[in-house]
Amino acid sequence: MPLVFLVPAILAGLGALVVPILLHLRRRERERPMRFPSLMFLQRITITTARRRRITDLPLLLIRALIVALTVLAFSRPVLRPKPDAGPAKGTRRVAILLDKSMSMGHQAVWPVALDSARAIVNGLSAGDRVAVIAFDEEATVEQALTVDHATALAAIGRIHPGTRGTRYGAGIRAARELLSKEADVTGGEVLVVSDLQRSGSAGIAGLTLPPAVNLRAINASPKSHGNTAVTGIAVQRLTGTGDARNRLAVSTHIATRGLAGPRKTKATLTVNGRVSGTREITLPPNGPSSVAFDPVALPVGGVRVIVSIDHDSLPADDVFNAIVPAQVTRRVLLAVPPDLAADETLYLERALETGDEPTLRIERRNPATLDATTLRDALAVVLYDVAVPGGTSGSALAAWVHDGGGLVAIAGVRMGNRSTTSAMLPGTARGMVDRTGDRGGVLGATALEHPIFAPFRGGASSPLGSARFFRYAKLVPAADAQVIARFDDGSPALLERQEGVGHVLVNAMPLDATSGDFPLQPTYLPFLRGLVLHAAGNAAAPLWYTAGDGWLVPSAAHNPVVKAPSEKLLRPEVGRTAAAVTLEEAGFYTIFEGRPSGDPLAVVAVNPAARESDLTQMAAADMLVGIGQDSVRATTISAATLAEAERRQQIWRTLLLLAVVVLVVETVVTSRGWRGTAAKIVGTAPEGSAP
Amino acid sequence: MDNTAAQTFIDPKILGQIGDLSLLARAVVDGFLHGMHRSSRAGLSLDFAEHRPYQPGDDLRRIDWRVYGRTDRFYLKTYEADTNSDVVFALDASASMDYGSDGVTKFDYARFLVASLAWLAQRQGDRIGLVTLSGDTVDVVPPSTRHLNLMLHTLGRVKAKGPGQIPLTLEKVAQLRSRTGIVVLVSDCYEDPAVLRRALGGMRSRGNDVVVFHLIDRAERDLPWSAPGNFEDSETGARMPLRPDDLRKQYQEIFNGHRAELLRECGRENIDYSAIETDQPLDAALRTFLDLRLMGSRVR
């Protein structure tokens, strides 16, 4: 079994062997002098200086050099490389090194070990063996294709740094498979995954197959302790000031701890627009979530950059959390109502829409026939409340406005149902009414929960709209290109959608007043209505933060966008027929400018590492193969005995250090006995007042 | 007390544990004298010899008041075998004296020796004086029969430091004395023998009896070390990296040659030279001194 070193760089410390030699040669010059009454007679004796520079005590020198060498070797963490299982012949191996660069690899105890392991793999290859380097997190990048130039591979490893994205072993293994598949003969192929083996990264492995002759191994670089503390989220609330009092911003944060040995004291710091605005000393439990509420601060004008940080631990990347609180704006919603509308028929609708902020909605009642381009300008959405799409110029203006991005929501009620109103602009036609008073009313049935409108209701066990009952509703007939988002329990469409240009048109059959059902009395009424209108307007509430790796659509207002990343790197996304997008790779704040990166930004978004990366729970190396194709499983030998694990098991360093201590004791004995010890004792009497 | 016990008592290592020089000197001398057979060498006599003028430091009790009544001058009566002569000690207080490989330094030994000799001389009625030159400081105790305590105090106070200045010390002795007597030089004699002879010869030519006690430490005689080391000169601070094993033979030859040269040079001037090793009892030195004193008693 060959001896390799996990930290070979420390071997440079063997250069320290010259230290005992120099000390030995210069010892007489620097040691405490032996007082002698007079050198009068000694000075008459001819003494050659060459003799003084000779090594005069070789055994002692060798003993001291051995102490230094043993110490250096111990710190370089030697390990006897486990014998490979019937590996391929030398010079025929094809090794793809998958180096995990996800956020969790930034752990202080992980990344140096991972780098050393990857380098040790390359250094252990024979001449003629080919090696490739692939860096992966949620995506994989081939840093170095298969090459026999091992120095190039080492350089490629040196270029890789841990990022902020999550882990997907599947992405890396697929990239390795693609790389090896290009080879005419994959015999001797090996995929070596250097990772902390986070369990959360195993999703996506299912269904993977590797060529039969390819061997997959995992090099475990995980830390001994999986304990971690992370800031996982921020919640903000605007507090409206009364009288002359300013509006304030209340910020609370969520902190998760996992696998700590005991409670941890830390300090949470709130920074608002670059200024420290509050701190909290807290004691976190070893496991579980905690919440910290900061004192409300004065709400600055415009978008607010909020940062919450805690004292750094071994994984500092998740100890800081960024968020952007958007500026508060008020948008107009035009409510087109029929002439015969009862006074309180839209009461619930209007109150629901006007409640809430981000954005604040202002309802303006309109006669459908009065809609024109001027009226529609700057409007967020148009709600046709149980009234047909207007014709003539109003209809044309409305159609043009929707095509350019406007949002139109048609509420189909008794009037539209009884008249069977048809309009090409709507994704469906109301044909009659359904009376469910006989069976205690209908409820919502099949619902597309993945639709953004229902985002607030995801995760519920029952119907997204709860127990809302509908006694009379319009029977919708969807158009051919319409998308049915929700249906009643009798199969009748409840919500239809169609895209017109870049705008959205929706038809809703769920009665929104309190006479045809009890939906307005349900707690789901308000978030549903706001979601419905905001989605139609394409103005979904901007998230407070994005997760690293997410794509971000550049605001359409930017014609020549320049995006400044947290690292000050400038990105210039291409604006074509589709909206420009930027992949948010770094944690921090991305800022978009028009034309050049100066002046007021058009928008700012906050980016944080993937929350699941903070869970350092490790999986067994063998678990990586679960779900990989049957053929490859048979042909693959999983070696959990990685170099690091082997080093941990063998603990050669401990033996070397013990040996060094023994040799040190021997050195002490040697130097204190015999003539060496006598030399130290027979010295001249020291001057009075000093030790003899 | 038998002879062996007395010699044991005056072993330098034991004396080194006695802090009071007065007590030490008395103990040494008493032990030494009690261990000897009675001898006529102690010979005190009351035979009148002559009158001599009074000199400062003379015992007032020995003034002949009758002669004073007649002549109105002070005269002292002297007797045959009277030991009232000057004994001046020249103590080498250079830094090289502050060396001892076996606990007692040469300077300690020298102080014991001088104190003991002074006590012995005091017992015999001699006037005792002291000159030391330590660095730039000269300590002088004029000869007197009453200066024993002052002398012991001076001995206890003086520190060995600075370079060796034997000729200069002897020059101070010459300036101090107006009468002939005994000059006792206690030194490690790190000096050119010819230079030493010239300085001592000057004393001798004035009619003084001169005794040289050459103190030698065993280590400076044998150079016993084996390990290489950096040797430092006590007086000059100069350092020399040496391997004693390779130099021992040459060194011992030079050292013994130096002793032989000293003996030869002193012999030329009729100077008593006595080499004393500091691990030896003091009785040899006392005996040497007493022999000389007996001889000197014949000369007033």
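In what follows, the structure referred to is the one given above.
Residues numbered from 1 in each chain as written. Chains lettered and ligands numbered in written order. Predicted model: local features only at pLDDT ≥ 70, side-chain atom pairs only at ≥ 80, totals over all residues. Heavy atoms only, no water.

Asks: Give me the sheet that holds strand β5 (residues 137–144) of chain B: which residues, what numbers.
Replies: The pairing of strands in a sheet comes from backbone hydrogen bonds and takes either a parallel or an antiparallel form. Residues and elements named next belong to chain B. Across the sheet, six strands lie side by side as β5-β4-β3-β6-β7-β10; this open sheet has mixed pairing. Looking at the sheet topology across the chains shown, the edges are occupied by β5 and β10 (272–277). Going from strand to strand, the sheet's axes swing by 15 degrees on average, the running direction of each strand aside. Pairing analysis gives seven bridges linking strand β3 (residues 86–92) to strand β4 (residues 127–134), with the strands arranged parallel. Each bridged residue has a counterpart across the sheet, and for Leu91 the counterpart in β4 is Thr132. Its contacts with the sheet put helix α5 (residues 106–123) on β3, β4, β6 (181–187), β7 (209–216) and β10, and the angle it makes with β3 is roughly 175 degrees. Set on the sheet, helix α6 (residues 148–157) makes contact with β3, β4 and β5; between it and β4 the angle comes to about 20 degrees. (Pairing = 2+ DSSP bridges. Helix = DSSP H or I, 4+ residues; strand = E, 2+ residues; numbered from the N terminus. Axes fitted to C-alpha atoms, helices over the stretch in contact; angles between N-to-C directions. Contact = heavy atoms within 4.5 Å.)

Asks: Summarise the pairing of strand β11 (residues 264–272) of chain A; cite the residues concerned and give the values.
Replies: All names here are of chain A. β11 sits mainly inside the fold: seven of its nine residues count as buried. Joining the antiparallel neighbours β11 and strand β12 (residues 275–284) is a turn of two residues, in which Asn273 adopts a positive phi near 50 degrees. Pairing geometry for β11 and strand β15 (residues 304–309), over four bridges, is antiparallel. Bridge assignment links Thr271 to a residue of β15, and that residue is Ile307. (Buried < 20%, exposed > 50% of the residue type's maximum accessible area, 1.4 Å probe, protein only.)

Asks: Give a description of a nonpolar patch on the surface that names residues and reports values.
Replies: A cluster of nonpolar residues, A:Val18, A:Val19, A:Leu22 and A:Leu23, forms a patch on the protein surface that exposes about 360 Å² of accessible area. Locating A:Val18 in the fold gives a position in helix α1 (residues 18–30). (Patch = residues over 30% accessible without salt bridge, like charges linked within 9 Å, V, L, I, M, F, W, Y side chains within 5 Å. Areas by Shrake-Rupley, 256 points an atom, 1.4 Å probe, with all protein chains shown as cover. Salt bridge = Lys/Arg side-chain N within 4 Å of Asp/Glu carboxyl O.)

Asks: Got a sec to walk through the pattern of salt bridges? Specific residues and values, please.
Replies: Residue and element names in this part refer to chain A. This structure, assessed with the given rule, holds 39 salt bridges over all chains. Between Arg612 and Glu138 there is a salt bridge; the shortest N-O distance is 2.8 Å. Separated by 474 residues along the polypeptide, Arg612 in the loop between β33 (603–608) and α12 (630–635) and Glu138 in the loop between β5 (130–136) and β6 (140–147) bring together distant segments of the chain. A residue is classified by how much of its surface remains accessible, and Arg612, at 25% relative accessible area, is partly exposed.

Asks: Talk me through the sheet that holds strand β22 (residues 444–447) of chain A; I want residue IDs and the actual numbers.
Replies: All names here are of chain A. Overall, mixed pairing links the eight strands, which are arranged β18-β17-β19-β20-β26-β25-β24-β22 in an open sheet. Looking along the sheet, the strands with just one partner apiece sit at the ends: β18 (360–366) and β22. If you compare each strand with its neighbour and ignore which way they point, the axes differ by 20 degrees on average. Where strand β17 (residues 330–336) and β18 come together, seven bridges link them in parallel fashion. By the bridge assignment, Arg331 is partnered in β18 with Leu361. Across the sheet, helix α7 (residues 347–354) touches β17, β18 and β19 (379–385), and the angle it forms with β18 is around 150 degrees. Sheet strands touched by helix α11 (residues 525–536): β17, β18, β19, β20 (407–411), β25 (493–500) and β26 (503–508). Its angle to β26, the strand with the most contacts, is close to 145 degrees.

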